[in-house]
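Residue strings, one per chain:
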Amino acid sequence: AQSVSQHNHHVILSEAASLELGCNYSYGGTVNLFWYVQYPGQHLQLLLKYFSGDPLVKGIKGFEAEFIKSKFSFNLRKPSVQWSDTAEYFCAVIGSSASKIIFGSGTRLSIRP
Amino acid sequence: NAGVTQTPKFQVLKTGQSMTLQCAQDMNHNSMYWYRQDPGMGLRLIYYSASEGTTDKGEVPNGYNVSRLNKREFSLRLESAAPSQTSVYFCASGETVHPSTDTQYFGPGTRLTVL
């Protein structure tokens, strides 16, 4: 069965620190990968996605993620976080010809000003 | 554009009561989705509709029914609410008919408590 693990439930950083949020998945086939973000009081929205091609994908607000097939990982990174990055981040996986997306449990990111 | 709207925002039910959660999108999207979000479990897909006139079960469909009323509206019905259905419910829509490549646009959520 497919699954997604986000091992960091709550991450606390100071402004300007570098960020890496882990996402590992279990799936026996080709996958499409997503990161969604939910800012306080706002709707969930897409941060970035990977379907194929360059495994390093760039998203909005300076975020990027790297797909490492051998490690079944799709970690989210940002070189220098800002207070406005405080949010909950969700990794999601779906088989490239499947119909049911699986979300991870989410990582809450708190940024100290 | 309002995007994806959900009603109501909050609801308290007693065990055994029924209710329908409403969702509408004004983006002319083909696919629509219903999720529930529980602490520590992320979002779990309840049902989805890849296009008008079709619906399919997701990961946790038991206890729920859905209706894709037209291209804009996708409702979720709880026939006999149980405390285990206490959750935050999110509706989403997507541009394509292929869930595997869809960017999903989410509504604000409905917080449901079943006593």
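### What about the overall build of chain B?
Part 1: When helices and strands are counted, chain B shows zero helices and eleven strands.
Part 2: Listed N to C, the secondary structure of chain B is β-β-β-β-β-β-β-β-β-β-β in terms of helices and strands.
Part 3: What you see for chain B is a C-alpha radius of gyration of 13 Å, in line with the 13 Å of a compact globule of 115 residues.
Part 4: In terms of its C-alpha atoms, chain B occupies a principal-axis envelope of roughly 40 × 25 × 25 Å.
Part 5: Counting the 115 residues in chain B, one finds 50% classified as buried.
Part 6: Once local pairs closer than 6 in sequence are excluded, the contacts in chain B between residues at least 24 apart make up 56%.

### Thoughts on the layout of surface pockets
Part 1: The space that makes up the largest pocket amounts to roughly 500 Å³.
Part 2: Along the wall of the largest pocket there are 27 residues; nearest its centre are A:Q38, B:Q37, B:V88, B:F90 and B:R111.
Part 3: Contributing elements (two or more residues each) for the lining of the largest pocket: β10 (87-95) of chain A together with β4 (31-38), β9 (87-94) and β11 (110-114) of chain B.
Part 4: Partitioned by chemical class, the residues of the lining of the largest pocket number seven nonpolar, 15 polar and five charged.
Part 5: In terms of lining residues, the second largest pocket is bounded by A:Q2, A:S3, A:V4, A:I102, A:F103, A:G104, A:S105, B:G40, B:M41, B:L43, B:R44 and B:E59.
Part 6: Of all the secondary-structure elements, those providing two or more residues to the lining of the second largest pocket are β1 (3-5) and β11 (102-103) of chain A together with β5 (42-49) of chain B.
Part 7: Counted by class, the lining of the second largest pocket contains five nonpolar, five polar and two charged residues.

### Observations concerning the state of the cysteines
Note: disulfide means a covalent bond formed between the sulfur atoms of two cysteine side chains.
Residue and element names in this part refer to chain A.
Part 1: Enumeration according to the criterion identifies two disulfides over all chains in this entry.
Part 2: In this model, C23 is linked to C91 through a disulfide, with the two sulfur atoms separated by 1.9 Å. Around the S-S axis, the bridge from C23 to C91 shows a dihedral of about -65 degrees and counts as left-handed. One end of the pair, C23, is in the loop between β3 (19-21) and β4 (24-26); the other, C91, is in strand β10, with 68 residues separating them in the sequence.

### Some remarks on unusual backbone geometry
For residues other than glycine, phi is negative in most cases, and the peptide bonds are mostly trans.
Part 1: Residues B:T7 and B:P8 are joined by a peptide bond in cis, for which omega reads -10 degrees.
Part 2: With respect to the helices and strands, the residue B:P8 is situated in the loop between β1 (4-7) and β2 (10-13).
Part 3: Although it is not a glycine, A:A16 adopts a positive phi angle of roughly 80 degrees.
Part 4: Backbone geometry places B:N28, a non-glycine residue, at a positive phi of 60 degrees.
Part 5: Secondary-structure assignment places B:N28 in the loop between β3 (19-25) and β4.
Part 6: When its relative accessible area of 56% is taken as the criterion, B:N28 is described as exposed.

### Topic: the pairing of β3(B)
Residues and elements named next belong to chain B.
Part 1: Burial analysis of β3 places five of its seven residues in the buried class, which makes it a mostly covered element.
Part 2: By the bridge criterion, four bridges tie β1 to β3 in an arrangement that is antiparallel. Pairing of Q6 across the sheet is with C23, part of β3.
Part 3: Inspection of the sheet shows β3 paired to strand β8 (residues 74-78) by three bridges, in the antiparallel sense. Paired with T20 across the bridge in β8 is R77.

Rules of the game
- Position labels on residues start from 1 in each chain and follow its written sequence.
- Chain A is the first chain written and ligand 1 is the first ligand written, with later ones labelled in order.
- Per-residue local features are limited, in this predicted model, to residues with pLDDT of at least 70; the limit for side-chain atom pairs, both in listing and counting, is 80 or more; totals at the level of whole chains, interfaces and linings are taken over all residues.
- The basis for the side-chain values is all heavy atoms of the structure; hydrogens and waters are excluded.
- Helix and strand definitions follow DSSP, with helices as H or I runs of at least four residues and strands as E runs of at least two, each counted in order from the N terminus.
- For a compact globule the rule gives 2.2 Å times the number of residues to the power 0.38, and the radius of gyration it is set against comes from C-alpha atoms.
- Relative accessible area decides the class of each residue, using a 1.4 Å probe on protein chains only: under 20% of the type maximum gives buried, over 50% gives exposed, and in between gives partly exposed.
- Contact criterion: two residues are considered in contact whenever any of their non-hydrogen atoms come within 4.5 Å of each other.
- Note on definitions: the grid is 1 Å and covers protein atoms alone; a cavity is a set of points where a 1.4 Å probe fits but cannot get out; a pocket is an open set with protein on both sides within 12 Å along at least five of seven lines; lining residues have an atom within 4 Å of a point.
- Grid points are joined across faces, edges and corners, and a volume is the space filled by probe spheres set on the points.
- Residues are grouped as follows: Ala, Val, Leu, Ile, Met, Phe, Trp, Tyr, Cys and Pro are nonpolar; Asp, Glu, Lys and Arg are charged; every other residue, Gly included, is polar.
- We call a pair of cysteine sulfur atoms a disulfide when they lie within 2.5 Å.
- Any two strands are treated as partners once DSSP identifies two or more bridges connecting them.

Shape is all these values report; function is a separate question.
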